[in-house]
Amino acid sequence: MTFYGVELSSRLLLGTARYPSPAILGEAIKASGAEVVTVSLRREAGTERGGQSFWSFIRALGLRVLPNTAGCHSVKEAVTTAHMAHELFDTKWIKLEVIRDDETLQPDVFGLVEAARILSHDGFEVFPYTTEDLAVADRLVEAGCRVLMPWGAPIGSARGLNNAYGLKSLRAHFPDIPLVVDAGLGVPSHAAAAMELGYDAVLLNTAVAEAGDPVAMAKAFALAIEAGRMACRAQPLEPRDMAVPSTPMMGRASLGD
Amino acid sequence: MSQSSVIVVGAGVAGLVSALELAERGLRVEVVERGPALGAHSCSWKAGGMLAPWCERATTEPEIATLGAPSIEWWEQHFPGTVSLGSLVVAPPRDGGELSRFAKRTERFEWVDATRIEELEPDLAGRFRRALYFPDEAHLDPRRALAAVAERLTELGVPIRFGVDFSADTSDADVIVDCRGLAARDALHDLRGVRGEMLVIRTAELELSRPVRLLHPRLPLYIVPREDGVFMVGATMIESEGRGGVSVRSAVELLNAAYALHPAFGEAEILELAADLRPAFPDNLPTVRRAGRTFYVNGMFRHGFLLAPALAKQVADALLMEASDADYRQRRSA
């Protein structure tokens, strides 16, 4: 799997918020095998760059950091935050979130496309958090995005894939763009389902961070993602309308005699 | 027993409780504090003051509850203002799942229905259909509790000197108990600050007898009643060491929590909005570390009042064990 020319072997991207402690976060990352972690700047930053201590901890993990613009409600906020992230983490990668309203945390797709265009022009490699809408996805690709991150369900809702059909169409429509299901997953079977649809990777945070045992849950997701990926490549069956016996009809005892 | 002299650095909850424990066990103690007055430079001053080991159990590692449970008795013995009426956990109707989830992760509580909620907190009548009641928990007003501990220290002849910039290099104390909180990061390099913001309001329209925690998927907050119609609402938790004032967003969240618990809080007067940094280690668990003659008591994170007595006891046990060993060796060689 390649994101903007970077080859990655783990198909799990992990968020770093809401864990019981940084130590448990570190262990969960290890158990997940994730090579990319997302970090929120907006909420932790403040005016004095007060998050340094936590960010140093993240940097010390030696992973690739995907900073995000979580909590940004306007194009301007998102663009400013992306530039700040670039300075802090020395990366061109940015997970772009432009949120419409605080209640649903639904992406503002109009602002998203605009911010993606500006940031791509500024040299960023944009990972947009979007819906499964095809037209929006088209616009994002046109704006320069070479990875798309559609939601499974609203952020933190643990509902899984709300619109599996829509996600499947998106996959069919963009066979060559890496697609990552970002947000809304609750349990490993949700992640497996995303991978079975042919998605390239899954991004998680709350489902792991707020599990009773985040380290075990991280591992469980990693296994599910591997299983889903393997199943997808193994050409699974399509659902059928009738039963098909799984036992071959050979050598059945003849009871008529 | 040999009378070694102990200097406790820092007059927050860790320092004062350690000093009291050591003094009560017969050691010669002195407290120094860099701030000009009680609470001026202590994050304990902005604490919630909940002694809630079993509520904490739902979101923290078991060690917090194990260390914290005995502290309720310690505070009851040392601060008469300790209120042992338990605590209540509620959730807005649409977030009922949060309540079950919270319950699954802890113990020592009862499920209570609307009738029982009304008996416990008449002013919350009709607002919640079910809640978790933790009968064995307690709470206190941190500022009054610190003052009471300071007063008790004075009675025992323990001096507390404010405005002192302590330097271990020039101190001839036999033992240093370093309770400087985040300021101790010059020695404890893995210490970090976790920002918290709190609100203090006053209203005569409502009365609560015990802390109420409001579960919410995004913003779990709590309200602790103080005396005279005063309530403390806390607290945000942000991985930041920014020392600026409370952000508008955090203020909105804290105010919303109060309003969600009861709309009558809408009429309350805002007395204080404050922010500070909690000292925490990477595992968010407290430790007593020893280096030469210095004990570092730190990393109490969100649980200063809950954990201080347990850590103070660890320091006192270690010191007295050494003292009696030394005493024994001295007598044998005599």
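Reading the values: rules and limits
Residues numbered from 1 in each chain as written. Chains lettered and ligands numbered in written order. Predicted model: local features only at pLDDT ≥ 70, side-chain atom pairs only at ≥ 80, totals over all residues. Heavy atoms only, no water. Contact = heavy atoms within 4.5 Å. Buried area = accessible area lost by both parts, 1.4 Å probe. Salt bridge = Lys/Arg side-chain N within 4 Å of Asp/Glu carboxyl O. Polar contact = N/O pair within 3.5 Å; in protein donor to acceptor, adjacent residues only side chain to side chain. Helix = DSSP H or I, 4+ residues; strand = E, 2+ residues; numbered from the N terminus. Nonpolar A, V, L, I, M, F, W, Y, C, P; charged D, E, K, R; others polar. Phe/Tyr/Trp six-rings, centres within 6.5 Å; stacked < 30°, edge-to-face > 60°. Buried < 20%, exposed > 50% of the residue type's maximum accessible area, 1.4 Å probe, protein only. Lys NZ or Arg CZ within 6 Å of the ring centre and 35° of its normal.

Student: Can you tell me about the interface of chain B and chain A, naming the residues and giving the values?
Tutor: Between chain B and chain A, the residue contacts involve 23 residues of the former and 21 residues of the latter. When the area that chain B buries against chain A is broken down by residue, the three leading residues are Arg218, Glu239 and Arg249 of chain B, summing to 33%. Counting the contacts that link chain B with chain A gives 0 salt bridges. If you look at where chain B meets chain A, you find 4 residue pairs in polar contact (both at pLDDT 80 or more). Considering every element that reaches the side of chain B that touches chain A, the biggest residue donor is helix H8 (residues 248-261) of chain B, with 3 residues. Along the lines of polarity and charge, the residues of the side of chain B that touches chain A split into 3 nonpolar, 7 polar and 13 charged.

Student: Could you give an account of the packing of aromatic side chains, with specific residues and numbers?
Tutor: Residues and elements named next belong to chain A. Using the criterion set out here, one finds 10 aromatic pairs over all chains in the structure. Both rings, one in Phe3 and one in Trp93, keep their centres 6.3 Å apart while their planes meet at 65 degrees; by these two values the pair is edge-to-face. Here Phe3 is found in strand E1 (residues 2-3), whereas its partner Trp93 is found in strand E6 (residues 93-96), with 90 residues between them in sequence. In terms of burial, Phe3 and Trp93 fall into one category: buried. Ring plane angle 55 degrees and centroid distance 5.3 Å describe the contact between Tyr4 and Phe127, whose orientation is recorded as tilted. Of the two residues, Tyr4 is situated in the loop between E1 and strand E2 (6-7) and Phe127 in strand E7 (residues 125-130); the sequence distance between them amounts to 123 residues. Taken individually, Tyr4 and Phe127 each receive the classification buried, so the pair is uniform in this respect. By way of ring pairs, the aromatic residues Phe3, Tyr4, Trp93 and Phe127 are connected into one cluster. The ring centre of Trp93 lies 5.2 Å from the NZ or CZ of Arg64, which sits over that ring. Directly above the ring of Tyr199 sits Arg171, whose terminal nitrogen or CZ lies 6.0 Å from the centroid.

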